[in-house]
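Here is what each chain is made of, one letter per residue.
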Amino acid sequence: MLFSATDLRTYVRRPVTDDEYALIHEMTDDAIRGEVGARLVDPPQPGIKSVALAVAARALTNPGGLRSATAGAVSESYTDALTGIVLTEQELRRIRRAVGRSGGAGMLDIGPADPAPHVDVRRAL
């Protein structure tokens, strides 16, 4: 379990029905497991809960992805991303780091697995 119903209610500061909690938790869990798979353990690694709650709260409070709205002459603007549970790049990085799956070229070890022993050429002559 990524977070409890009480955690979500406290975080969004409003009532959340059991059905809303169940659906949002399932969708959040699905999105996170879709990124890190079996690396996610129970209980979740440190850092997962805060991301999961932020994602769930965003999906619960703004499921349509509304970015801005104007009342006079009705003007609405929506995010470019798909609606529902969408993980931001920052959330993806935090989740991957939490489960030990950091990425990027800076994290690659391109050295040989078994480096040759160091030989001091001066002594060999």
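Our subject is the structure listed above.
A quick note: this is a predicted structure, and the numbers were derived from the prediction, not measured. (Residues numbered from 1 in each chain as written. Predicted model: local features only at pLDDT ≥ 70, side-chain atom pairs only at ≥ 80, totals over all residues. Heavy atoms only, no water.)

J.: What is the right way to read the environment of Ser102 from this model?
T.: Note that Ser102 resides in the loop between α4 (89-98) and α5 (121-124). In this structure Ser102 comes out as partly exposed when scored by relative accessible area, which is 39%. Residues Ser102 and Leu92 lie ten residues apart in sequence; the distance between their C-alpha atoms is 9.8 Å. (Helix = DSSP H or I, 4+ residues; strand = E, 2+ residues; numbered from the N terminus. Buried < 20%, exposed > 50% of the residue type's maximum accessible area, 1.4 Å probe, protein only.)

J.: Looking at this structure, how should I read the side chain of His25?
T.: On the secondary structure map, His25 appears in helix α2 (residues 18-36). Polar side-chain contacts of His25 include one of 3.0 Å to the backbone nitrogen of Leu2. The contacts of His25, once residues within four sequence positions are left out, are Met1, Leu2 and Phe3. (Polar contact = N/O pair within 3.5 Å; in protein donor to acceptor, adjacent residues only side chain to side chain. Contact = heavy atoms within 4.5 Å.)

J.: Is there a simple way to explain the nonpolar core in this structure?
T.: Grouped burial of nonpolar side chains is what soluble globular proteins tend to show. Core analysis: the biggest nonpolar cluster contains 26 residues, and Leu2, Phe3, Leu8, Ile32 and Ile95 have the highest contact counts within it. Going through the elements one at a time, α1 (5-12), α2, α3 (48-61) and α4 are the ones with two or more residues in this core. No other element matches α3, which puts nine residues into this core. Setting aside residues up to four positions removed in sequence, Leu8 forms contacts with Phe3, Val16, Tyr21, Ile24, Leu53, Ala56, Ala57 and Leu60. (Core = buried A, V, L, I, M, F, W, Y, C linked by side-chain atoms within 4.5 Å.)

J.: How should I be thinking about the packing of α1 against α3 in this particular structure?
T.: To characterise two packed helices, one gives the angle between the axes of the helices and the distance between these axes. α3 packs onto α1 with a crossing angle of 65 degrees between their chain directions and a minimal axis gap of 10 Å. Crossing handedness for the pair α1 and α3: right-handed. From α1, Asp7, Leu8, Tyr11 and Val12 reach across to α3, where they touch Lys49, Leu53, Ala54, Ala56, Ala57, Leu60 and Thr61. Taken together, the residues of the contact of α1 with α3 break down into eight nonpolar, one polar and two charged. (Axes fitted to C-alpha atoms, helices over the stretch in contact; angles between N-to-C directions. Left-handed = near helix turned anticlockwise from the far one by under 90°. Nonpolar A, V, L, I, M, F, W, Y, C, P; charged D, E, K, R; others polar.)

J.: Would you mind showing me how to read α1 here?
T.: Each turn of an α-helix holds 3.6 residues, which means side chains three or four residues apart point in the same direction. Inspection of α1 places Ala5, Leu8 and Val12 among the buried residues, and these make up the whole buried set. Looking down the long axis of α1, one finds its buried residues gathered within 65 degrees of arc, a one-sided arrangement. Exposed residues pointing more than 90 degrees away from the buried face of α1 are listed as Thr6 and Thr10. Looking at the buried residues of α1, the elements they touch are α2 and α3. Once α1 ends, the next one or two residues include Arg13, with phi positive near 55 degrees. (Arc of directions from axis to C-beta.)

J.: Help me understand the packing of aromatic side chains, please; the structure alone is not making it clear to me.
T.: Each aromatic ring pair is characterised by the separation of its centres together with the angle its planes make. For the structure shown, the criterion picks out one aromatic pair. The interplanar angle of 75 degrees and the centroid separation of 6.1 Å between the aromatic rings of Phe3 and Tyr21 together place this pair among those described as edge-to-face. Here Tyr21 lies in helix α2 and Phe3 lies in the segment before α1, a separation of 18 residues in the sequence. (Phe/Tyr/Trp six-rings, centres within 6.5 Å; stacked < 30°, edge-to-face > 60°.)

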